[in-house]
Amino acid sequence: MARFDEVKDLILSLEGDFDKFYAKGNQAAGTRVRKGMQDLKTLAQDIRAEVQNQKNASE
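Residues numbered from 1 in each chain as written. Predicted model: local features only at pLDDT ≥ 70, side-chain atom pairs only at ≥ 80, totals over all residues. Heavy atoms only, no water.

## Points about the pattern of salt bridges
Think of it this way: side chains of opposite charge can pair up when their charged atoms draw near.
And then number 1: Scanning the model with the defined rule gives five salt bridges in all.
And then number 2: Between K8 and D5 there is a salt bridge, with the nearest N and O atoms lying 3.7 Å from each other. With K8 and D5 both in helix α1 (residues 2-24), this residue pair falls three residues apart, about one helical turn.
And then number 3: Take K8: its relative accessible area is 41%, and that puts it in the partly exposed class.
And then number 4: A salt bridge links D17 to R32; its shortest N-O distance comes to 2.9 Å. Placement of D17 in helix α1 and of R32 in helix α2 (residues 27-57) is noted, with a sequence separation of 15 residues between them.
And then number 5: A single salt-bridge network, built from bridges that share partners, covers R3, E6 and E50. (Salt bridge = Lys/Arg side-chain N within 4 Å of Asp/Glu carboxyl O. Helix = DSSP H or I, 4+ residues; strand = E, 2+ residues; numbered from the N terminus. Buried < 20%, exposed > 50% of the residue type's maximum accessible area, 1.4 Å probe, protein only.)

See the structure below:
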């Protein structure tokens, strides 16, 4: 569950930047959102590979 908590923490850390970008048009916040979403994608891929490896190891 630690990996799931990492995902939640990352998403929650981006909440302020999402608001600043979409509600106020802050371009720097948009850059931070894009970086955060890339980090989320990388984390999701890592978790996916980890789950697949555990699944294959148990077969």
